[in-house]
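A look at the structure
Residues per chain are reported as follows:
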Amino acid sequence: MKIKAHLVTLAFAVVLTGFAHSALTQEEKSLYKRLGGYDAIASIAHDYFGRIRSDPQFSRFTGGRSQDSLKRARQLLVEQFCALTGGPCVYIGRDMKTAHGGLGITKRDWDASMNHLVESIDRQKVRQKEKEEFLMIVAAYEKDIVEKTEP
């Protein structure tokens, strides 16, 4: 009887350890993996890029580009999101200050862009914790991108 009780206790401890390990493993996973990996991030980037391209507020930034240039810009966005979230991608684009310098991007533009990003993330049905973590990473670039504040 004591052996059975010991085995039940041991089995229970193994199960609890498994649950704890599972939860710990989930916490240790990169944001890239928690978002769903490359395909999920590419889907967010593609949707976001399309929203920006179709918003008249951003036409001064997105007009006059060849299809090849647009594909390259979208791919760079995928690679950047992938790299920023801990994925295996290598972002080979310019830093944000250089890439956006001289465009006269305003705080209003930034806020509208972030709203589009939120909509793209929501469309992918990203959990709240990961959504907030991703948005915090992107928000860190505001100081490098926004050049003008409105009066």
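Remarks on the overall build of the chain
The helix and strand inventory of the chain stands at nine helices and zero strands. Seen in sequence order, the chain has helices and strands lined up from the N terminus as α-α-α-α-α-α-α-α-α. Burial analysis of the chain (151 residues in total) assigns 35% to the buried set. Long-range pairs, those at least 24 residues apart, make up 76% of the contacts in the chain between residues at least 6 apart in sequence. When the accessible surface of the chain is split by element, carbon and sulfur atoms take 59% of a total near 9,800 Å².

Notes on the packing of aromatic side chains
A complete count under the given rule lists three aromatic pairs for this structure. Ring centres of Tyr48 and Phe81 lie 6.3 Å apart, and the angle between their planes is 45°; on these two criteria the pair is classed as tilted. Taken together, the residues span a long stretch of sequence, with Tyr48 in helix α3 (residues 37-54) and Phe81 in helix α5 (residues 67-84) at a distance of 33 residues. For Tyr48, a relative accessible area of 14% translates into the label buried. Grouping aromatic residues by their ring pairs yields a cluster made of Tyr48, Phe81 and Phe134.

Comments concerning the nonpolar core
Ile44, Phe81, Leu117, Ile121, Phe134 and Val138 are the most contacted members of the largest nonpolar core, which has 32 residues in total. Elements supplying a minimum of two residues to this core: α2 (31-35), α3, α5, α7 (107-123) and α8 (128-139). No other element matches α3, which puts seven residues into this core. Those residues within four positions of Ile44 in sequence are excluded, and the remaining contacts are Phe81, Leu117, Ser120, Ile121, Gln124, Val126 and Phe134.

Focus: the confidence of the model for the chain
Looking at the chain as a whole, its pLDDT mean stands at 86, while 81% of the residues score no less than 70. With pLDDT under 50 throughout, residues 5-17 is counted as low confidence; its partners more than four residues away or in other chains account for zero contacts. Residue range residues 19-24 is modelled with pLDDT below 50. Its contacts to residues more than four positions away, or to other chains, number zero contacts.

So, α7
Here α7 is 17 residues long and its end C-alpha atoms lie 24 Å apart, about the 24 Å a rise of 1.5 Å per residue gives. When α7 is considered as a whole, its buried residues turn out to be Asp109, Trp110, Ala112, Ser113, Met114, His116, Leu117, Ser120 and Ile121. Check the buried side of α7 and you find it contacts α3, α4 (59-62), α5, α8 and α9 (142-145). Looking one or two residues past α7, Lys125 carries a phi angle of roughly 60°, positive in sign.

Re the pattern of salt bridges
Within the structure shown, the criterion is met by 11 salt bridges. Among the ionic pairs, Arg51 bridges to Glu119, the shortest N-O distance being 2.7 Å. Of this pair, Arg51 sits in helix α3 while Glu119 sits in helix α7, and the two are 68 residues apart along the sequence. Across the pair Asp122 and Lys131 runs a salt bridge, and its minimum N-O distance is 2.8 Å. Judged by relative accessible area, Lys131 falls into the buried class, the value being 13%.

Considering the state of the cysteines
Applying the stated criterion across every chain, the model contains one disulfide. Here Cys82 engages in a disulfide with Cys89; their sulfurs sit 2.2 Å apart. With the S-S bond torsion at 80°, the cross-link from Cys82 to Cys89 turns out right-handed. Accessibility classification places Cys82 together with Cys89 in one group, the buried group.

About the criteria used
Residues numbered from 1 in each chain as written. Predicted model: local features only at pLDDT ≥ 70, side-chain atom pairs only at ≥ 80, totals over all residues. Heavy atoms only, no water. Helix = DSSP H or I, 4+ residues; strand = E, 2+ residues; numbered from the N terminus. Buried < 20%, exposed > 50% of the residue type's maximum accessible area, 1.4 Å probe, protein only. Contact = heavy atoms within 4.5 Å. Areas by Shrake-Rupley, 256 points an atom, 1.4 Å probe, with all protein chains shown as cover. Phe/Tyr/Trp six-rings, centres within 6.5 Å; stacked < 30°, edge-to-face > 60°. Core = buried A, V, L, I, M, F, W, Y, C linked by side-chain atoms within 4.5 Å. pLDDT = per-residue confidence, 0-100. Expected span 1.5 Å × (residues − 1). Salt bridge = Lys/Arg side-chain N within 4 Å of Asp/Glu carboxyl O. Disulfide = S-S within 2.5 Å.

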